[in-house]
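Here is what each chain is made of, one letter per residue.
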Amino acid sequence: MDPSFEAQLQEGDVDFTERDASLLEAIHEQGSLNKAATALGRSYSRCQKRIDSLEDAFGTLVERTRGGPGGGGSRVTEAGRELLARFERLQTGFAAAAGVTETVFSGTVTDRSGEIAEVETAAGPIRALVPPGSEQVQVGVRADAVTLHAPEEAPAADGTSARNRFDGVVESVRDGENVGQVAIDVGAETPLSVLVTATSRERLGLEPGCQVVATFKATAARCTDRKRRADE
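Residues numbered from 1 in each chain as written. Predicted model: local features only at pLDDT ≥ 70, side-chain atom pairs only at ≥ 80, totals over all residues. Heavy atoms only, no water.

**Student:** It is not clear to me how the overall build of the chain should be interpreted in this structure. Could you clarify?
**Tutor:** Counting its regular elements, the chain contains six helices and 14 strands. Of all 232 residues assigned to the chain, the portion counted as buried reaches 43%. Within the chain, contacts between residues separated by at least 24 positions form 60% of all contacts whose residues are at least 6 apart in sequence. Just so you have it, the chain exposes about 12700 Å², and 43% of that area is on carbon and sulfur atoms. (Helix = DSSP H or I, 4+ residues; strand = E, 2+ residues; numbered from the N terminus. Buried < 20%, exposed > 50% of the residue type's maximum accessible area, 1.4 Å probe, protein only. Contact = heavy atoms within 4.5 Å. Areas by Shrake-Rupley, 256 points an atom, 1.4 Å probe, with all protein chains shown as cover.)

**Student:** What's the story with the sheet that holds strand β12 (residues 192–197) in this structure? I'm lost.
**Tutor:** Across a sheet, strands are paired by hydrogen bonds formed along the backbone, either parallel or antiparallel in direction. If you trace the five strands from one edge of the open sheet to the other, you get β9-β13-β10-β11-β12, paired in antiparallel fashion. The open sheet is flanked by β9 (147–149) and β12, the only strands paired with a single partner. Averaged over all pairs of adjacent strands, the angle between strand axes in this sheet comes to 45°, irrespective of strand direction. Pairing geometry for strand β10 (residues 164–174) and strand β13 (residues 211–216), over six bridges, is antiparallel. Along β13, the bridge assignment pairs N164 with F216. (Pairing = 2+ DSSP bridges. Axes fitted to C-alpha atoms, helices over the stretch in contact; angles between N-to-C directions.)

**Student:** Before we go on, may I ask you to explain helix α1 (residues 18–30) in this structure?
**Tutor:** In an α-helix, one full turn covers 3.6 residues, which means residues spaced three or four apart are oriented alike. Between its first and last C-alpha, α1 extends 18 Å over 13 residues, near the 18 Å set by a 1.5 Å rise per residue. Burial in α1 covers these residues: D20, A21, L23, L24, A26 and I27. One or two residues past the end of α1 sits G31, with phi positive at roughly 80°. (Expected span 1.5 Å × (residues − 1).)

**Student:** Would you explain helix α2 (residues 33–40) in this entry?
**Tutor:** Listed in full, the buried residues belonging to α2 are L33, A36 and A37. Looking straight down α2, one finds its buried side chains confined to an arc of 100°; they lie on one side. Along α2, the residues that are exposed and aim more than 90 degrees away from the buried face are T38 and A39. The opening residue of α2 is S32, an N-cap whose side-chain oxygen sits 2.9 Å from the backbone nitrogen of K35. (Arc of directions from axis to C-beta. Polar contact = N/O pair within 3.5 Å; in protein donor to acceptor, adjacent residues only side chain to side chain.)

**Student:** Would you mind showing me how to read the pattern of salt bridges here?
**Tutor:** Pairing is possible between side chains of opposite charge, provided their charged atoms come close. Taken as a whole and judged by the stated rule, the model has six salt bridges. Put simply, E55 and R64 hold a salt bridge, and the shortest N to O gap is 3.5 Å. R75 is the partner of E63 in a salt bridge, and the nearest nitrogen-oxygen pair spans 2.9 Å. Of this pair, E63 sits in strand β3 (residues 62–65) while R75 sits in strand β4 (residues 73–76), and the two are 12 residues apart along the sequence. R75 gets classed as partly exposed once you look at its relative accessible area, which sits at 43%. (Salt bridge = Lys/Arg side-chain N within 4 Å of Asp/Glu carboxyl O.)

See below:
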């Protein structure tokens, strides 16, 4: 999977991420939270607090027994194992979809600062990774690298590392078992494709005609030189 993307399950305001999955898996393998924290090179107290936060949202994930030199034992509950299985299915679904889903915009480099350049496209300016010397480029944006926000909840442009920000309207929504694909009209000929979880679609109320804000980092937008590509 693209490293710019991290799968997550959401319950309320708590996100279950790959880091959380690795903690539960380590507890299952090691038989105690203390040993799991040590194996992962993490702080025991922080792992304990994280489990408490996750259980407030997702229910009892770990059963603990007191006593012993290591502080007792721990085992992952059935609910915890089901959560891990859900997360694995989510990762598999995103990996399959993200491998082939990318939106490409044509544009012209208007400004450059090292490897990052500003590219003027029909959708507006995009900050992206651009090869040295390129002027006419095609900007590829992976669907798994884009985050959607409700307009009233979108972060300020200068308040996030995702400096590319576009106001758009949902054109279509294609559902999957765990992962859906949303097409966003951002003013270009090609709609912006975005992968979303079923939970995110429900939370944002994503339906055709819905207004959204799409954001993504400059490192998630990669350019190829249009002239060189045409010559190949």
